[in-house]
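Fold and contact review
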Amino acid sequence: MLEVRNLFVRYGQHRALEDLSIHVAPGEIVVILGANGAGKSTLLKAIGGNCEGQVEGSIEMDGQPILGLPSHKIVETGIALVPEGRGIFADLSVYDNLMLGAYPKRARDVKEENLERIHELFPKLIERRHQIVRTMSGGEQQMVAIGRAMMSAPNILMLDEPSLGLSPLLCKELFRNLSEVRKTGLGILLVEQNAKQSLAIADRGYLLENAKIMHEDKAASLASDPMVQKAYLGAGAASSSKPASKVSSKPETNPSDIAAAALESFAPKEASFAVPPSIYIPSKNAPTRSADELLGQSVTDLVARATSQAGEPTNIDVPIAQNHNDRLKSVLAEIEAAAASARGRPARTKRRSSYRNKE
Ligand code: ATP
């Protein structure tokens, strides 16, 4: 049993976790939900012994205090972390990664049994044992990361946003795999932004908001809680997984809209997460804020500056929107002209000439 009591973490003056208490029993999946910056990764790092901040409170694994121990000693108590970004050795083979996971003393004698267990859970990993990890798909790499952590013979497996960057299909497979891992008796502490799928496999969940646990409940109750639905499973959450192509397919002509759509589709993780900082007390009548308000500056000005910085002259006598539309028209005209001239050329001549160029 992993038991965290009254945990405080500070990075300098910044309080990342305040008076946090959670527990994870063997064979249960516990999910921590929270907005960006709420302190989820900090919690896992503090438990794993690799937090850069000042950590105070109590963390016990099977009754043994582990706060203050170096991370390799914490692994020996039966806690394994799959960090955000997986933390695997991409230039090594699957097998080498798994064997590195078996380095802790507690795992050395049970290496073969653990390999067998991983074989049953993830047969693909054993089939692909000689493949270099960087050549694998994102989902397969995530499997390697989980397999490697399991090779350390943990009783508690912690995962920091394992579904990040995976396609919906691979996400499904990942969560199915985690359910299977739980059946082996491991306790799983899962930090996730994919609330829907993580709550579907979890037993319990905690809502972490602004460094504090605001709510704890059974996963099924959280999934049906209207506030949680609004903050994590609602329309906003759906828009965070909207593919970029859908965003750009809108018939926008206004430069502000185009820039806002581009910002949305290329936004880093922080901006793409749909939950506002005050997630658990959502304001029903919150006014919709414009892109200008969100950015704190005029998007039209941004576009104009970007245009002039790209070396294209901005005609100050012509309104920006007009100028933008003119540029779009001229680019479209160029594309049309290029396509027309390409259609006129026989494909074979083109290929031959490219071979000649190589010679
Ligand atoms: P995300 O979902 O974006 O990963 P999170 O909930 O995991 O967010 P943390 O990474 O735990 O959040 O960060 C919590 C707060 O602590 C943030 O405000 C972050 O900027 C700050 N923080 C995290 N690591 C450090 C650090 N090494 N030094 C200073 N501040 C940090």
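Residues numbered from 1 in each chain as written. Predicted model: local features only at pLDDT ≥ 70, side-chain atom pairs only at ≥ 80, totals over all residues. Heavy atoms only, no water.

Residues with a pLDDT of 70 or more make up 65% of the protein chain, whose mean pLDDT is 74. Overall, residues 235-296 carries pLDDT values under 50, and its contacts beyond four positions in sequence, including any with other chains, amount to 68 contacts. Every residue in residues 302-321 scores below 50 in pLDDT, and together they form 20 contacts with partners more than four places removed in sequence or on other chains. (pLDDT = per-residue confidence, 0-100. Contact = heavy atoms within 4.5 Å.)

This paragraph deals with the pairing of strand β3 (residues 29-34). The side chains of a regular strand alternate between the sheet's two faces. The buried fraction of β3 amounts to six of the six residues, a majority that puts the element mostly inside the structure. Judged by which residues are buried, β3 turns out to be covered on both faces: I29, V31 and L33 on one side and V30, I32 and G34 on the other are all buried. For β3 and strand β8 (residues 187-191), the ladder comprises four bridges, and the chain directions are parallel. Each bridged residue has a counterpart across the sheet, and for V30 the counterpart in β8 is L189. By the bridge criterion, five bridges tie β3 to strand β9 (residues 204-209) in an arrangement that is parallel. (Buried < 20%, exposed > 50% of the residue type's maximum accessible area, 1.4 Å probe, protein only. Helix = DSSP H or I, 4+ residues; strand = E, 2+ residues; numbered from the N terminus. Pairing = 2+ DSSP bridges.)

Here we come to the packing of aromatic side chains. Counted by the stated rule, this structure contains zero aromatic pairs. Taking NZ or CZ as reference, R108 lies 4.8 Å from the ring centre of Y103, over its face. (Phe/Tyr/Trp six-rings, centres within 6.5 Å; stacked < 30°, edge-to-face > 60°. Lys NZ or Arg CZ within 6 Å of the ring centre and 35° of its normal.)

Another point: the site of the ligand. Residues in contact with the ligand amount to 16 residues; listed here are only the nearest, N36, G37, K40, S41 and T42. Within the side chain of S41, a nitrogen or oxygen atom sits 2.8 Å from an oxygen atom of the ligand. Broken down by secondary-structure element, the contributors of at least two residues to the shell around the ligand are β2 (14-24) and α1 (40-48). Counting residues per element, the shell around the ligand draws most heavily on α1, which supplies three residues. A class-by-class count of the residues in the shell around the ligand yields four nonpolar, seven polar and five charged. (Near = heavy atom within 4 Å. Polar contact = N/O pair within 3.5 Å; in protein donor to acceptor, adjacent residues only side chain to side chain. Nonpolar A, V, L, I, M, F, W, Y, C, P; charged D, E, K, R; others polar.)

Moving on, we come to the sheet that holds strand β4 (residues 54-61). One open sheet accounts for four strands, arranged β2-β1-β4-β5; its pairing is antiparallel. Two strands close off the open sheet at either side, each with one partner strand: β2 and β5 (64-65). Note that β4 and β5 share two bridges and pair antiparallel. Its bridge partner lying in β5, E60 is registered against P65. Of the strands in this sheet, β1 (2-11), β2 and β4 touch α1, which is tilted by about 115° from β1. (Axes fitted to C-alpha atoms, helices over the stretch in contact; angles between N-to-C directions.)

Time to look at a nonpolar patch on the surface. On the surface, a nonpolar cluster with roughly 240 Å² of combined accessible area is contributed by F89, L92 and L100. The topology assignment puts L100 in helix α3 (residues 94-101). (Patch = residues over 30% accessible without salt bridge, like charges linked within 9 Å, V, L, I, M, F, W, Y side chains within 5 Å. Areas by Shrake-Rupley, 256 points an atom, 1.4 Å probe, with all protein chains shown as cover. Salt bridge = Lys/Arg side-chain N within 4 Å of Asp/Glu carboxyl O.)

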